[in-house]
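# Chain and residue survey
Residue-level listing of the chains:
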Amino acid sequence: MFQALFLFLIALVAVFSIILIIPIFRRPIVSTPLLKIFRKMLPQISQTEQIALDAGTVWWDGDLFSGKPDWKKMLAYPKPELSAEEQAFLDGPVEKLCDMLNEWQITHELQDLPPDVWQFIKDKGFFGLIIPKKYGGYEFSALAHSQVVMKIGSRSGTAAVTVMVPNSLGPAELLLHYGTEKQKDYYLPRLAKGKEVPCFALTSPDAGSDAGAMPDFGVVCRSTFEGKEGVLGMRVTWEKRYITLGPVATLLGLAFKLRDPDGILGGEEDLGITLALIPTNTPGVNIGRRHFPLNSVFQNGPNSGDAVFIPMEWVIGEEEGVGNGWRMLMNSLAAGRSISLPATSTGAAKLAARTSGAYGRVRTQFKTPIGYFEGIEEALARIGGNTYMMDAARVMTASAVDLGEKPSVISAIVKYHLTERARQSIDDAMDIHGGKGICIGPRNYLGRPYQQIPVGITVEGANILTRNMIIFGQGAIRCHPYILKEVAAAKSQDEEQSLLDFDEAFSNHGNYAMRNVGYSLAFGVVGDYIRLGIPYNIAPEALTYYRQLTRFSAAFALMADVSLLKLGGALKRKERISARLGDILSMLYLCSATLKRFEDDGRPATDLPLLHWSMQDAIYQMQQAFDELLDNFPSNIVMRWTLRLIIFPLGRRCLLPSDALSHEVSRLMLAPGEARDRLTGGIYMPTADNEPLADLEAALNCALESEPVEAKLRAAVKAGEITTQGDEMINEAIEKKIITIVEAASLKKMEDLRRRVIMVDDFPADLSEASCDFRQGATH
Ligand SMILES: Cc1cc2nc3c(=O)[nH]c(=O)nc-3n(C[C@H](O)[C@H](O)[C@H](O)COP(=O)(O)OP(=O)(O)OC[C@H]3O[C@@H](n4cnc5c(N)ncnc54)[C@H](O)[C@@H]3O)c2cc1C
């Protein structure tokens, strides 16, 4: 009986295998009905959605989606480095600009950058970082651009945004790629030299995240313009808001929908989203009022126009550019989003890391530096680990842009995760600093970044939308090795070719799915012993992470397939499923960047705690995302448990970083050292007298000298060798040769520096003028 059943099963498997393997059987029996089902499942995608999906390029994200990342390829990406000219710009004009910036004066007193700073920014060409040299710009690499913005951002959020916006998605970037030669020759030199202040207006009151739904419109017509009759152009009506640099701009980049009801251009009536560059002194342009975005006093405001005539030559790309605006924007977004916010976010996290470590050592409570308390260690380690990973992702993404990529999915990943991690780091830093972070004034270096963080969360794709819809939504279609081929085949009008192409893509897809099941299971069970595809020239300390990432990449590819198969177009509405898949893809990317950073930095042993903490934390988060995904997956219990068995055959075994590891990370942040310098490298560190950050650094250095002396004193008091208190105690300790005169001086210096560090500003009752009293004995 058993033998018969066994033979029957074997025969069944053999028949199935023959059907699946041999095309002449597979095509009619499997692929033809599947193609029909697949066509029904294809989601309705609007033209603007399709353009957004098609934008940019696929890079390392494609490997992560493949279920079998080619680690050799990743490790062979060139180590990103600055040129001598770029470094000189950072050490020269950028350092000088940072010296000139006083965020309290900017945000509280002037509510704008001071005139000399505006002039310096324009004169030194800060608006022309990405403009080619032949137009008078710097033609800097994306890495240099990122370093510039990060450094300025660590000093002043207002100045960073002011510099960042003209170098990101805006007139210069759009002209470079889509402008006519005449437009480039005229505007790019003017932008590079700061003769024009640009802004770009996309957002309308009724169209924020769904910017493609903007009501702003233009109607093609002929009119008299600058004395010439019958000039071809359009009358444009718009109402925009939140436009950065808008109130001071001389050149307004504007997005609107163009219509041609009279058929003047000889084509369709609805021409689509079109971009134009409009001098702000054009009659009819209303500009100049300001918004006040949470104490980020960069210039930002609304603007509008009612049937303003603009000639065709103001359209980016002139007549050829008509209707191509959305494509232009989506393609340019990938590069800008890869650089600006990742840089400012990393700058904020580095500031949090540098200051919280130093403050944790300098501030004492219960006769102990607060950084030694386990509760503070937890927050410090989180800042350290997050900052390490953020910088890795920032640099790797900028280097992708320098390799010629426009990594759209990766740009969404770094936009979301780096702004969120910056928010976490600044929150942690605020908690560590207690009241010192809360009382605002010239000596508060955290309050303004804390207030400004939500700006980064909202712009360039608000974070909830980016996490829930964009990362996986775009990733699934762009990075998946077969979906695009299957979709193209399904949409083909040639039925015969459609079936052949679909069949080929589908059979490869089947093999890919089987391999992902195999890899996921194999790494899940014996992952500690195998090395499939993992190169030998990696840091041995990191081997376990390569294994875990390979395993989760395969599991992710499997879950992506199952989700697409089960939900099809409905995945668009199942945002929480999409968000968790996006989280997994994101962690795979952030982790890969971190491994690459460790190799590029030369595997420094002192960075190992940072590497381990950030990898373990992210891998745990990835495991958590899988777990929640499986718990909430819209299917029956059998399917959920089958998937769980494949993904977690031995259960969930990845752990959060241990307390001991957090202790190690926090210790390297509490003392000067190469790991701390590497972690926070590239931010502005003032040295002038009375600069709060300079005082903090000096206090940290002094604490190392004074702590052993303080310990000697405490021991002497405990042993009853010293009986006096205050200044007398020091004299008694010197007399009794418990400490030397030099040691006593270091105690005094530390007392002064500690007081400078812990004091906060106070104001008269009308809050008019801040002062900070460092005198001994004053209490604040
Ligand atoms: C300081 C600042 C500077 C700016 N600078 C510029 C500029 O220079 N030029 C310009 O054109 N624009 C600019 N913007 C506009 C910015 O891009 C928009 O604020 C952003 O697109 C979000 O639009 P909204 O604020 O109207 O929010 P809404 O679109 O109303 O979104 C509200 C919330 O809903 C969420 N949401 C929306 N759709 C979905 C979805 N499908 N799924 C899940 N969640 C969703 C969002 O994530 C957000 O959390 C700026 C905004 C600010 C605040």
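Residues numbered from 1 in each chain as written. Predicted model: local features only at pLDDT ≥ 70, side-chain atom pairs only at ≥ 80, totals over all residues. Heavy atoms only, no water.

Helix and strand counts for the protein stand at 30 helices and nine strands. Relative to a compact globule of 780 residues, whose C-alpha radius of gyration would be 28 Å, the protein shows 30 Å and is just as compact. The C-alpha extent of the protein, read off along each of the three principal axes, is 100 × 95 × 45 Å. In the protein, which comprises 780 residues, the share counted as buried stands at 56%. In the protein, the proportion of contacts linking residues at least 24 apart, taken out of those at least 6 apart, comes to 75%. Accessible surface, the protein: about 33,200 Å² in total, of which carbon and sulfur atoms supply 56%. (Helix = DSSP H or I, 4+ residues; strand = E, 2+ residues; numbered from the N terminus. Rg over C-alpha atoms; globule rule 2.2 N^0.38 Å. Buried < 20%, exposed > 50% of the residue type's maximum accessible area, 1.4 Å probe, protein only. Contact = heavy atoms within 4.5 Å. Areas by Shrake-Rupley, 256 points an atom, 1.4 Å probe, with all protein chains shown as cover.)

This part covers the packing of aromatic side chains. Summed over all chains, the structure comprises 23 aromatic pairs. Relative to F373, the ring of F366 has its centre 6.1 Å away and its plane inclined at 80 degrees; by these criteria the two rings are edge-to-face. Within the aromatic cluster, the residues linked to one another by ring pairs are W59, W60, W71, Y77 and Y546. In this structure, R515 is placed above the aromatic ring of Y519, and the distance from its NZ or CZ to the ring centre is 5.7 Å. (Phe/Tyr/Trp six-rings, centres within 6.5 Å; stacked < 30°, edge-to-face > 60°. Lys NZ or Arg CZ within 6 Å of the ring centre and 35° of its normal.)

As a further point, take the side chain of K406. Residue position: K406 is located in the loop between α15 (374-402) and α16 (408-433). No salt bridge is formed by the buried K406. Its closest oppositely charged neighbour is E173, at 4.4 Å. Once you skip the residues sitting within four places of it in the chain, K406 turns out to touch G56, T57, E173, H177, N331 and A334. (Lys, Arg positive; Asp, Glu negative; His and termini not counted. Salt bridge = Lys/Arg side-chain N within 4 Å of Asp/Glu carboxyl O.)

Tracing the chain through its elements places F633 in the loop between α24 (608-632) and α25 (637-647). What makes F633 buried here is its relative accessible area of 1%. Separated by 57 residues in sequence, F633 and R576 place their C-alpha atoms 9.7 Å apart. Those residues within four positions of F633 in sequence are excluded, and the remaining contacts are M559, V562, S563, K566, I577, M639, R640 and L643.

The subject of this paragraph is the site of the ligand. Around the ligand there are 20 residues in total, and L202, T203, S209, Y242 and E575 lie nearest to it. The backbone of Y242 places a nitrogen or oxygen atom 2.8 Å from a nitrogen atom of the ligand. A distance of 2.9 Å separates a nitrogen atom of the ligand from a polar side-chain atom of T244. Burial of the ligand by the surrounding chains reaches 69%, relative to a free accessible area of 970 Å². For the shell around the ligand, the secondary-structure elements that each account for two or more residues are β1 (198-201), β3 (228-244), α18 (447-458) and α19 (463-479). (Near = heavy atom within 4 Å. Polar contact = N/O pair within 3.5 Å; in protein donor to acceptor, adjacent residues only side chain to side chain.)

Applying the stated rule across the entire model yields 38 salt bridges. Of the charged contacts, one joins E697 and R676 as a salt bridge, the two residues approaching to 2.8 Å between their closest N and O atoms. Placement of the pair is E697 in helix α28 (residues 692-718) and R676 in helix α27 (residues 674-679), with a sequence separation of 21 residues. R676 matches E697 in its accessibility class, with the two residues each being buried. A salt bridge links D695 to R756; the nearest nitrogen and oxygen atoms lie 3.1 Å apart. Placement of the pair is D695 in helix α28 and R756 in helix α30 (residues 741-758), with a sequence separation of 61 residues. Under the relative-accessibility criterion, D695 is labelled buried at 8%. The exposure class of R756 is partly exposed, given its relative accessible area of 22%.

Another aspect to go through is the nonpolar core. In this structure, Y589 and F626 are the most contacted members of the largest nonpolar core, which totals 126 residues. Ranked by the residues each element gives to this core, the list is headed by helix α22 (residues 543-567), at 15 residues. Non-local contacts of F626, meaning those with residues more than four positions away in its chain, are made with F552, A555, F556, M559, I584, I647 and F648. Residues F89, I106, V163 and V285 belong to the second largest nonpolar core, which totals 53 residues. (Core = buried A, V, L, I, M, F, W, Y, C linked by side-chain atoms within 4.5 Å.)

One pass over the full model with this rule turns up one cavity of 30 Å³ or more. Within this model, the largest cavity holds a volume of roughly 40 Å³. The greatest single-element share of the lining of the largest cavity, amounting to three residues, is contributed by α28. (1 Å grid on protein atoms, 1.4 Å probe; cavity = no way out; pocket = protein on both sides within 12 Å on 5 of 7 lines; lining within 4 Å. Points joined across faces, edges and corners; volume = space filled by probe spheres on them.)

Take the pairing of strand β5 (residues 270-279) next. Taken across its ten residues, β5 has eight buried, putting it largely inside the fold. Pairing of strand β4 (residues 251-259) with β5, which is carried by nine bridges, proceeds in the antiparallel orientation. Bridge pairing links F256 to T274 in β5. (Pairing = 2+ DSSP bridges.)

Taken as a whole, the second largest pocket holds about 860 Å³ of empty space. Residue lining of the second largest pocket: 26 residues in total, with E710, L713, M729, L747 and R754 positioned closest to the centre. For the lining of the second largest pocket, the secondary structure elements donating two or more residues are β9 (368-369), α28, α29 (726-735) and α30.

So, on to helix α21 (residues 495-526). Taking 1.5 Å of rise per residue, the 32 residues of α21 would be expected to cover 46 Å, and the 46 Å separating its terminal C-alpha atoms lies within 8% of that figure. Among the residues making up α21, those that are buried are S498, F502, D503, A505, S507, H509, Y512, N516, Y519, S520, F523 and G524. Elements in contact with the buried residues of α21: α2 (23-41), α4 (60-66), α20 (483-491), α22 and α25. (Expected span 1.5 Å × (residues − 1).)

For α16, spanning 26 residues, the distance from its first C-alpha to its last is 37 Å, which sits close to the expected 38 Å at 1.5 Å a residue. Most of α16 is tucked away: 21 of the 26 residues are buried. Backbone geometry just downstream of α16 places G434 in the positive-phi region, at approximately 55 degrees.

What follows deals with the state of the cysteines. Enumeration over the complete set of coordinates arrives at zero disulfides. Cysteine C654 remains unbridged, with the sulfur of C591 as its closest cysteine sulfur at 10 Å. (Disulfide = S-S within 2.5 Å.)

Attention now goes to the confidence of the model for the protein. Per-residue pLDDT for the protein averages 94, and the proportion of residues at 70 or more is 99%. Long-range and interchain partners of residues 776-780, a stretch whose pLDDT sits below 50, account for eleven contacts in this model, where long-range means more than four residues apart. (pLDDT = per-residue confidence, 0-100.)

So, about the side chain of D503. Locating D503 in the fold gives a position in helix α21. Since its relative accessible area comes to 1%, D503 is described here as buried. Polar contacts involving the side chain of D503 include one to the side chain of R26, which spans 2.8 Å. For D503, the side chain forms a polar contact with the side chain of S31, separated by 2.6 Å. For D503, the residues in contact, after removing those within four places along its chain, are P23, R26, R27 and S31.

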